[in-house]
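# Coordinate inspection notes
So you can see what is in the structure, the chains are spelled out below.
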Amino acid sequence: MLRFGEIETERSGSMVVYRDSFPPESADLFLAYTGMETDLIFNKGVELQGFASYPLMETAEGRELLKGYLKDLIALGSETDTGVILESPTWVANRDRGAVIGYSPNELKRLNQDAIAMMAALRAESDHAPTVISANIGPREDAYAPEAQMSPEEAEHYHTEQLSVLAETDVDVISGYTLAYPSEAIGIVRAARRFGLPVVIAFTVETDGRLPTGASLQEAISQVDDATDSYVAYFMINCAHPEHFSSVLENAPWMQRIKGIIANASRCSHAELDEAEELDDGNPTELGRQLSDIRRRFPHIQVLGGCCGTDMRHMKEIATAARGN
């Protein structure tokens, strides 16, 4: 694995498709799905230590489970004439969170790269376009309640390790999901830029529409853009129910930077979700309608999808409702 300060960008047999033209202009709507972990745990009875799905890459059965979600999303994209953004199972495949469940840096490097290779192979087998490969990376600590906030410099140093590994793959874009404070996002963006990787930043919000650390979406987006020369391709909101944030969305310049909503099925707060022993899968039809209504208010939003508590029922309702606009 590369040490901080080292950059390696050459890839043998590269099949990168959209890295130099992200986001693709060949679709007006993209679907993205990040609800796999809750579906695996609550609906399929799969134990995920540390909420990590990447260990499933270690077995043939686990890889088939992961492929199933990717294939289902590609099929839905074809059915509804939408682009798809495939999210890798690498959200917590970083050094600190990997160590908690017994993974070394070398093992994490292999699994990060194997996950992208699996996705690239599935894309090559499909004739659906556009199909984007996103390397999904998450925060260093608990997304809902980080114990400490890194400086942008610390965050860049930390996330460079995982991004250096992903830069060697066929990934199209880095997607930083469920981020709780701007300085970590700044570090991720700076690290992605060093490797010439497009990057998307998805902030999570509480029931009041503010980040867990109290910043407003406008403040967080402005801080990241100011510190990175607006390098982010676009921002998203994820891991929150539409009712938690729809009231803070407004027709203002900062809102033009938000182009994606990846929503929870449940109206529960993050604290309530952490304590939940049963899955709250909400109402798929209602969720689809709510996201469609947001897109009607803000037509520049191009990426819709489901996060915690969602499955392909929700994704189909989201796609169908959005296409009905």
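Further up the page is the structure itself.
### So, the packing of helix α2 (residues 60-80) against helix α4 (residues 105-125)
Packing of α2 against α4 leaves a shortest axis separation of 11 Å and a crossing angle of 45 degrees. Classed by the angle they form, the pair α2 and α4 counts as oblique. In this structure, α2 meets α4 at a crossing whose hand is right-handed. Contacts between α2 and α4 involve R63, L66, K67, L70 and K71 on the former and, on the latter, M118, M119 and L122.

### A closer look at the nonpolar core
Taken as a class, soluble globular proteins show a tendency for nonpolar side chains to be buried jointly. In this structure, Y54, I201, F203, L217, I258 and I261 are the most contacted members of the largest nonpolar core, which totals 100 residues. If one sorts the elements of this core by residue count, α4 sits on top with eight residues. Residue contacts for I261: discarding those within four places in its chain leaves I237, F245, L291, I301, V303, L304 and G305. In this structure, M150, A155, A180 and Y181 belong to the second largest nonpolar core, which totals five residues.

### Section: the sheet that holds strand β4 (residues 173-179)
With parallel pairing, the eight strands of this closed barrel are ordered in space as β1-β2-β3-β4-β5-β6-β7-β8. Within this sheet the neighbouring strands show an average axis-to-axis angle of 25 degrees, counted without direction. In this structure, strand β5 (residues 199-203) lies alongside strand β6 (residues 234-238), joined through four bridges in parallel fashion. In the sheet register, I201 faces β6, and the bridge partner there is F235. Packing of helix α5 (residues 152-166) onto the sheet brings it into contact with β3 (131-137) and β4, and relative to β3 it is tilted by some 155 degrees.

### Observations regarding the pairing of strand β2 (residues 83-87)
The buried fraction of β2 amounts to five of the five residues, a majority that puts the element mostly inside the structure. Taking every second residue as pointing to the same face, both faces of β2 are buried, with G83, I85 and E87 on one and V84 and L86 on the other. In this structure, strand β1 (residues 30-33) lies alongside β2, joined through three bridges in parallel fashion. Looking at β2, one finds that L31 is bridged to V84. Judged from the four bridges that link them, β2 and β3 form a sheet pairing that is parallel. Note that in β3 the partner of I85 across the bridge is V132.

Rules behind the numbers
Numbers given to residues run from 1 along each chain, matching the order in which its sequence is written. Per-residue local features are limited, in this predicted model, to residues with pLDDT of at least 70; the limit for side-chain atom pairs, both in listing and counting, is 80 or more; totals at the level of whole chains, interfaces and linings are taken over all residues. To get the side-chain values, take all heavy atoms of the structure and skip hydrogens and water. Each axis is a line fitted through C-alpha atoms, and for a helix only the stretch in contact is used; angles between axes span 0 to 180 degrees, taken between their N-to-C directions. The way it works is that DSSP assigns letters per residue, a run of H or I at least four long becomes a helix, a run of E at least two long becomes a strand, and they are numbered from the N terminus. Here the word oblique covers every angle except those under 35 degrees (roughly parallel), over 145 (roughly antiparallel) and from 65 to 115 (roughly perpendicular). Helix crossings are classified by the rotation of the near helix relative to the far one: an anticlockwise turn of less than a right angle makes the crossing left-handed, while a clockwise turn makes it right-handed. Working rule for contacts: check all heavy atoms of both residues, and any pair within 4.5 Å makes them a contact. Nine residue types can take part in a nonpolar core, namely buried Ala, Val, Leu, Ile, Met, Phe, Trp, Tyr and Cys, and a core is a set of them joined through side-chain atoms within 4.5 Å. Classification of residues uses two cut-offs on accessible area relative to the type maximum, computed with a 1.4 Å probe and protein chains only: under 20% is buried, over 50% is exposed, and between them is partly exposed. Strands are treated as partners if at least two bridges between them are detected by DSSP.

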